[in-house]
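Here is what each chain is made of, one letter per residue.
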Amino acid sequence: MNSDSHAADEQFLAPSLNEQVTKVRRSYEDLFGAPAEWVAAAPGRVNLIGEHTDYNAGFVFPLAIERYVVIAGGRPATAAGDGRIRVSSMLLGQTAEFPVERLEPQRRDWTSYIRGVVAGFLERGVTPGALNLLVDSQVPLGGGLSSSAALEVATATLLEAATKTQLDPVDKARLCQKAEHQYAGMPCGIMDQFSSALGAPGKLLLIDCRTETAELVALDDPSVAVLVINTNVKHELTGSEYPERRSQCEQAARLLGVPALRDVSTRDLEGRKSELDPLLYRRARHVVGEIERTLQAAKALQAGDWPLVGQLMYASHASLRDDYEVSCPELDVLVELAQEIGSGGGVIGARMTGGGFGGCIVALVRSGREREIADRIGRGYKQRTGIEATAFVTRPARGAHIIQP
Ligand code: GLA
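Turning our attention to the side chain of Arg 293. Within the secondary structure, Arg 293 sits in helix α9 (residues 278–302). In this structure, Arg 293 is in contact with Ile 49, His 286, Leu 312, Ala 315, Ser 316 and Ser 319, ignoring residues within four places of it in sequence.

Our next topic: the pairing of strand β12 (residues 390–394). In terms of residue burial, β12 counts as a mostly covered element, since four of its five residues are buried. Examined bridge by bridge, strand β9 (residues 224–234) and β12 share five bridges and lie antiparallel to one another. Bridge assignment links Asn 230 to a residue of β12, and that residue is Thr 390.

The subject of this paragraph is unusual backbone geometry. Positive phi values are uncommon outside glycine, yet Glu 104 reaches one of about 45°. For Glu 104, the position within the fold is in the loop between β5 (94–99) and α3 (112–123). According to the relative accessible area criterion, Glu 104 is partly exposed, its value standing at 35%. With phi around 55°, Glu 325 is a residue other than glycine that occupies positive phi space. With respect to the helices, strands and loops of the structure, Glu 325 is situated in the loop between α10 (306–322) and α11 (329–341). Relative accessible area serves as the criterion here: at 34%, Glu 325 is assigned to the partly exposed category.

Our focus in this paragraph is the site of the ligand. Within the structure, the ligand sits among 13 residues, and Glu 51, His 52, Asp 54, Asp 192 and Tyr 242 are positioned closest to it. The side chain of Arg 45 places a nitrogen or oxygen atom 3.1 Å from an oxygen atom of the ligand. A distance of 2.6 Å is found between an oxygen atom of the ligand and a side-chain nitrogen or oxygen belonging to Asp 192. Relative to its unbound accessible area of 310 Å², the ligand is 94% covered by the protein chains. When the residues that make up the shell around the ligand are grouped by side-chain class, the tally is five nonpolar, four polar and four charged.

Here the focus is the packing of aromatic side chains. Applying the stated criterion across every chain, the model contains two aromatic pairs. Taken together, a centroid distance of 4.7 Å and an interplanar angle of 50° make the contact between Tyr 28 and Phe 32 tilted. With Tyr 28 and Phe 32 both in helix α2 (residues 17–32) and four residues apart, this pair spans about one turn of that helix. Among the residues examined, Phe 32 registers a relative accessible area of 16% and is labelled buried. Aromatic side chains Tyr 55 and Tyr 242 sit 5.3 Å apart centroid to centroid with 70° between the ring planes, which places their arrangement in the edge-to-face category.

Throughout the structure, instances matching the rule amount to 28 salt bridges. Here Arg 174 and Glu 212 are joined by a salt bridge, their closest N and O atoms 2.6 Å apart. One end of the pair, Arg 174, is in helix α5 (residues 169–183); the other, Glu 212, is in the loop between β7 (203–208) and β8 (213–218), with 38 residues separating them in the sequence. Note that Arg 384 is salt-bridged to Glu 336, the shortest N-O span being 2.8 Å. Placement of Arg 384 in helix α12 (residues 370–385) and of Glu 336 in helix α11 is noted, with a sequence separation of 48 residues between them. According to the relative accessible area criterion, Arg 384 is partly exposed, its value standing at 45%. A relative accessible area of 33% means that Glu 336 is categorised as partly exposed.

Each value, and the rule that gives it
- Residues numbered from 1 in each chain as written.
- Predicted model: local features only at pLDDT ≥ 70, side-chain atom pairs only at ≥ 80, totals over all residues.
- Heavy atoms only, no water.
- Helix = DSSP H or I, 4+ residues; strand = E, 2+ residues; numbered from the N terminus.
- Contact = heavy atoms within 4.5 Å.
- Buried < 20%, exposed > 50% of the residue type's maximum accessible area, 1.4 Å probe, protein only.
- Pairing = 2+ DSSP bridges.
- Near = heavy atom within 4 Å.
- Polar contact = N/O pair within 3.5 Å; in protein donor to acceptor, adjacent residues only side chain to side chain.
- Areas by Shrake-Rupley, 256 points an atom, 1.4 Å probe, with all protein chains shown as cover.
- Nonpolar A, V, L, I, M, F, W, Y, C, P; charged D, E, K, R; others polar.
- Phe/Tyr/Trp six-rings, centres within 6.5 Å; stacked < 30°, edge-to-face > 60°.
- Salt bridge = Lys/Arg side-chain N within 4 Å of Asp/Glu carboxyl O.

This is a description of form; function is not addressed.
In structure tokens form, the structure reads like this:
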């Protein structure tokens, strides 16, 4: 095997968390002159189905992925006693510093997520104290795989260790979601932080976003694998699309006189179509249909009914593309190419995953054919768009945890 294909292999298969941790520990010591006292890891996520349903109190069906944010921390040697947090990013090669008493929610940069999480601890009466932090990430940035949620949840997990407090994992997810709202300015639902905090090896999470509880569903059919393919494009420049969709859903729910679109069925919606303008109706039709598809997909998956799971994934994509309008040509091309390969070629189903406007698709494929399928889709994508896609396989991974020395 030449070194190129070895590198490609490392990209395609799960990178070793142990190696990542060793690398971060070493760099921490080089940078701060003392060994790290705590190391925490939190994964990204990929959503199998249930898109743009979380902020409608609906269901989502994600899994944590074998790609982690790892964060190492310790107390500074010279206890200046000023409660300053110094944080360095291996990915960006940057270091920043901020005092705990001045967290500046409006300032937007890569430390927003960390400052937001610190704010959540202060709100709960827990003072982190002065800290040195070093962050590394294997979650592709801007790929719709929740790199920011992974950073928030890793930070919260490290702060738990540093302050000897233990948050309830769902409360930890909420704390991180609030950090995202107030410090990153992104009014997200609970899915990403919940998946990163509560992910379980081998399990999908069927999350009820109203009660904020999850049923663990085993993904244990050895003949099925999860393949993630990145368009490597991101079209959402202003960030205004997501809040706009969210407020359209809230408006639709208000007009229908229900607390959330979760409380409407497809039948109800059809009967009351005239009460919504055509745009709001299409937005609502996506959400209501998607919640139904998610529950059906969870059942079908448990029954091993793969053709039905696949059908629901394609239907989800079409609805996100046509009714919710959060797909983009590159995502559509990837899904079309997967669908063209079809079940005869080992593809069970595929759809865009995450917020949309670029990022990744998720496909369920037959084990043993992952690479061949990824290569074929990659070639077709390059031909049709001129862009290089990147792909990897993942199993459902363990959620946030402290790495024991
Ligand atoms: C983003 C948000 C999530 C969810 C998805 C769409 O990832 O952070 O809360 O709304 O988009 O399903």
